[in-house]
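Report on the structure
Spelled out, the chains give:
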Number of protein chains: 2
Amino acid sequence: MKLRRGLGFPLRNFDVMPRDSRPIGVFDSGIGGLSVLKHLMQTMPHERFVYLGDTARVPYGNRSTETVKSYARQCSAFLLQHDVKLIVVACNTVSAVALDELRKELSVPVIGVIEPAAREAASSTSSRHIGVIGTRATINSEAYTHAIIQHGDLHVHSRACPLLVPLVEEGWLDTAATRAIIEEYLRPLIAQQIDTLVLGCTHYPLLTPVLTDMYPDVRLVDCGQWTAAEAALIVGDHADEQPSIPMVDIYVTDATPTFNLVASRFLGMPVNEPVVVTIDSLPTSVERIS
Amino acid sequence: MKLRRGLGFPLRNFDVMPRDSRPIGVFDSGIGGLSVLKHLMQTMPHERFVYLGDTARVPYGNRSTETVKSYARQCSAFLLQHDVKLIVVACNTVSAVALDELRKELSVPVIGVIEPAAREAASSTSSRHIGVIGTRATINSEAYTHAIIQHGDLHVHSRACPLLVPLVEEGWLDTAATRAIIEEYLRPLIAQQIDTLVLGCTHYPLLTPVLTDMYPDVRLVDCGQWTAAEAALIVGDHADEQPSIPMVDIYVTDATPTFNLVASRFLGMPVNEPVVVTIDSLPTSVERIS
């Protein structure tokens, strides 16, 4: 079994096998992961995707670690039932607290959003001061800090920004309140001379225009973009194939009235009515590596 | 069976019976209901209380009606196991969508937070223009509008304010961002000449100081205060008894790291570590009226 340097798990024979037609599984606690799915679809237009948003139990950010792990296991088991070849954990909270365990338990490769973003931030900073913003759970886990400092003598300044998720879901992407909130959160990070800011939450990429306008000298790292690049490495290079319109099946654990509106904002395209799969019907056990 | 005017359900013999030593049950989707519990404890210092915060499934505001009803049924069943004599639904979302059903199904009186606040707002307005703010689910249900216009020829101007809950939980009770957010939400209501504003969410009373400062001519209606007054009517007048320190047992469905800090802010006093009762162990069926 060979290890591709930096990916953190064995690739087995995926990169020498012929094109594997099975879909790629993606899950998140809700709709934020659609901003990751958007990059996955852009990067791999020939692939099929199955997305599960656990909207009945969102947000995971305030749950205990044990609860998050058990939810992540159920979401993964659901995706495995759809015969996925790779699972992308498009959720920072799950990536922070449950990734190692999922990798041990699941029979397919699993990637999260934190390592790819950390690697990109480390390679792009000049000041060696990197800012990280995310939900309280993500920041408290210090997962980004640990992942970034593995890449050298770097200083990480992080801050939990719980108001930014509801701000994005409200659609206030650039109002007076938006700027007041961002200013309040980022003031101490800017004071530390950061030149790179990791958007450590899948909702935050929608604030890219206002952030760029407010802090033109700070480079923004969108975890979805770099996670998609890593996923493409794993499923192999099929650039010679005709790109098609990627097919995606979207499942949610609870129907919410504003899903289509908010989801289309995240995905950057119109979204069909999702299929509702109740929590009770989610499988509870996952395959183990044989 | 006699009906006390305006309460909307039969009182049976509760008001002529000797003091009933059973506790009063209170539930909410999370911690917001503690602002209602605070008023209940102040109004009835001789009573015992059992509080359940469904922190594992908060917030209810984005769930479907069927899901909210099923959660409310489970919370009520848990309280009935503690032999409560009255259930106070200290949650606007549940009060808006599930109150009638709970009243039909449960063997004890059930009161919500909407009717008492609506009655108070209707009796206190001079301009006949009343503002209502709440979560998206509460406002979309139009429960406050329907409840208020039953009391006369009144104009209700309502607005969903999804950012205010995370704002309060963040503890930003009076910052530049707080004022920018409130200004953005309330501008259209103020333009309608409201003289009364119903705080239709149990988190909002913590914003009373900043709201009073920004809009000194608008009377604020805190649903907790008027719900407590109604609860006191139901359990009977025991003002002749020596007031004691009220006893309260607090249960939550998930332990959250910041519970004690946020809860003490809501309750206005220090809070002991709550007892965690997992969702799986909640009862699923409720007693029916025999």
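Scroll up to find the structure.
Presented here is a report on the structure given in the accompanying data block. Per chain, residue numbering runs from 1 following the sequence as it is written. Each chain takes a letter, starting from A, and each ligand takes a number, starting from 1, following the order in which they are written. Local features in this predicted model are restricted to residues whose pLDDT is 70 or higher, and side-chain atom pairs enter the listing and the counts only when it is 80 or higher, whereas totals over whole chains, interfaces and linings include all residues. Excluded from the side-chain calculation are hydrogens and water; included are all heavy atoms of the structure.

1. Thoughts on the overall build of chain A
For clarity, the threshold we go by: A run of DSSP states H or I qualifies as a helix once it reaches four residues; a run of E qualifies as a strand once it reaches two. Both are numbered from the N-terminal end. The contact criterion used throughout is that any non-hydrogen atoms of two residues lie within 4.5 Å. Here, Shrake-Rupley sampling with a 1.4 Å probe gives the accessible areas, and only protein chains in the shown set may cover a residue.
Helices and strands together make up the secondary structure of chain A, namely 12 helices and 10 strands. In terms of overall dimensions, chain A has C-alpha extents of about 50 × 45 × 40 Å along its principal axes. The long-range fraction of contacts in chain A, counting pairs at least 24 apart against all pairs at least 6 apart in sequence, stands at 75%. Total accessible area on chain A is roughly 12000 Å²; 51% of this is exposed by carbon and sulfur atoms.

2. Details of the packing of helix H9 (residues 176-191) of chain A against helix H9 (residues 176-191) of chain B
To be explicit about the condition: Between N-to-C directions, angles span 0 to 180 degrees; the directions come from axes that are lines fitted to C-alpha atoms, helices contributing only their stretch in contact. Here is the rule for angles: anything less than 35 degrees is roughly parallel, anything more than 145 is roughly antiparallel, 65 through 115 is roughly perpendicular, and the remaining ranges are oblique. If you view the pair so one helix is near and one far, a crossing is left-handed when the near helix is turned anticlockwise from the far one by less than a right angle, and right-handed when it is turned clockwise. In the scheme used here, Gly and all other residues not listed as nonpolar or charged are polar, with Ala, Val, Leu, Ile, Met, Phe, Trp, Tyr, Cys and Pro taken as nonpolar and Asp, Glu, Lys and Arg as charged.
At their nearest, the axes of H9 of chain A and H9 of chain B sit 8 Å apart, and the two run at 165° to each other. As summarised for this structure, H9 of chain A and H9 of chain B are arranged roughly antiparallel, according to the angle between their axes. Regarding H9 of chain A and H9 of chain B, the two cross each other, and that crossing is left-handed. Contacts between H9 of chain A and H9 of chain B involve Ala176, Ala177, Ala180, Ile181 and Glu184 of chain A from the first element and Ala176, Ala177, Ala180, Ile181 and Glu184 of chain B from the second. Partitioned by chemical class, the residues of the contact of H9 of chain A with H9 of chain B number eight nonpolar, no polar and two charged.

3. Observations regarding unusual backbone geometry
Residue and element names in this part refer to chain A. In this chain, valine 58 is followed by proline 59 through a cis amide linkage whose omega measures -5°. Tracing the chain through its elements places proline 59 in the loop between strand E2 (48-53) and helix H2 (65-81). In this structure, glutamate 142 takes a positive phi of about 55° despite not being glycine. Residue placement: glutamate 142 occurs in the loop between helix H6 (136-141) and helix H7 (143-149).

4. Some thoughts on the sheet that holds strand E6 (residues 155-160) of chain B
Residues and elements named next belong to chain B. This is how it is decided: Pairs of strands are assigned from DSSP output, requiring at least two bridges between the strands.
Strand order in this open sheet of four strands is E6-E5-E7-E8, and the pairing throughout is parallel. Both outer strands of the open sheet, E6 and strand E8 (219-222), are each paired with one neighbouring strand and no more. Between one strand and the next, the sheet's axes are offset by a mean angle of 25°, whatever the strand orientation. Sheet analysis places strand E7 (residues 196-199) next to E8, joined by four bridges and oriented parallel. Within E8, the residue paired with leucine 197 across the bridge is leucine 220. Contacts from helix H5 (residues 114-124) reach strand E5 (129-134), E7 and E8 within the one sheet, and its direction differs from that of E8 by about 160°. Contacts from H9 reach E5, E6 and E7, with the element oriented near 165° to E6.

5. As for the relation of the copies chain B and chain A
What counts, and what does not: The least-squares superposition of copies is restricted to C-alpha atoms, and to residues with a pLDDT of at least 70 in both copies.
Each copy of the sequence occupies a distinct position, and chain B is placed on chain A by a rotation of 180° and an axial shift of 0.0 Å, giving an RMSD of 0.0 Å. Those values place the two copies in the arrangement expected of a two-fold rotation axis.

6. Observations concerning the pattern of salt bridges
All names here are of chain A. This is how it is decided: The salt bridge definition used is simple: a Lys or Arg side-chain nitrogen within 4 Å of an Asp or Glu carboxyl oxygen. Exposure classes here rest on a 1.4 Å probe applied to the protein chains alone. A residue is buried below 20% of its type maximum, exposed above 50%, and partly exposed in between.
Counted under the stated rule, the structure contains 28 salt bridges over all chains. For arginine 103, the salt bridge goes to glutamate 115, with nearest N and O atoms at 3.5 Å. With arginine 103 in helix H4 (residues 99-105) and glutamate 115 in helix H5 (residues 114-124), this residue pair connects regions lying 12 residues apart in the sequence. Given the relative accessible area of 17%, arginine 103 is considered buried. In the salt-bridge network here, residues are joined through shared partners; they are Glu66, Lys69, Arg73, Glu101 and Glu105.

7. Points about the sheet that holds strand E2 (residues 48-53) of chain B
Residue and element names in this part refer to chain B. What the six strands build is an open sheet, ordered E4-E3-E1-E2-E9-E10; its pairing is parallel. Strands at the two margins of the open sheet, each flanked by one partner only, are strand E4 (110-111) and strand E10 (275-276). Two strands pair when backbone bridges link them, and strand E9 (residues 247-252) and E10 are joined in this way by two bridges, in the parallel orientation. Counterpart to tyrosine 251 in the pairing with E10 is valine 275. Here helix H1 (residues 34-43) sits on the sheet in contact with strand E1 (24-28), E2, strand E3 (86-89) and E9, set at roughly 175° to E2. Lying over the sheet, helix H11 (residues 223-235) contacts E1, E3 and E4, oriented at roughly 170° with respect to E3.

8. Overview of the side chain of threonine 138 of chain A
Residues and elements named next belong to chain A. Definition in use: Under this definition, polar contacts are N or O atom pairs within 3.5 Å; protein pairs additionally need one hydrogen-donor-capable and one acceptor-capable atom, and for neighbouring residues in sequence, both atoms have to be side-chain atoms.
Tracing the backbone through its elements, the reader meets threonine 138 in helix H6. Within the local environment of threonine 138, its side chain forms a polar contact with the side chain of threonine 135, the two groups lying 3.1 Å apart. The residues contacting threonine 138, other than those within four sequence positions of it, are Asn92, Thr93, Ala143, Tyr144 and Gly200.

9. Focus on the layout of surface pockets
Selection rule: Cavity and pocket criteria rest on a 1 Å grid covering protein atoms alone: a 1.4 Å probe that fits but cannot get out defines a cavity, protein on both sides within 12 Å along at least 5 of 7 lines defines an open pocket, and an atom within 4 Å of a point defines a lining residue. Grid points are joined across faces, edges and corners, and a volume is the space filled by probe spheres set on the points.
Computed from the structure, the second largest pocket encloses a volume of approximately 860 Å³. Residue lining of the second largest pocket: 30 residues in total, with Ile279 and Asp280 of chain A together with Arg57, Ile279 and Asp280 of chain B positioned closest to the centre. With five residues, the top contributor of residues to the lining of the second largest pocket is helix H2 (residues 65-81) of chain B. Of the residues in the lining of the second largest pocket, the class split is 10 nonpolar, 13 polar and seven charged.

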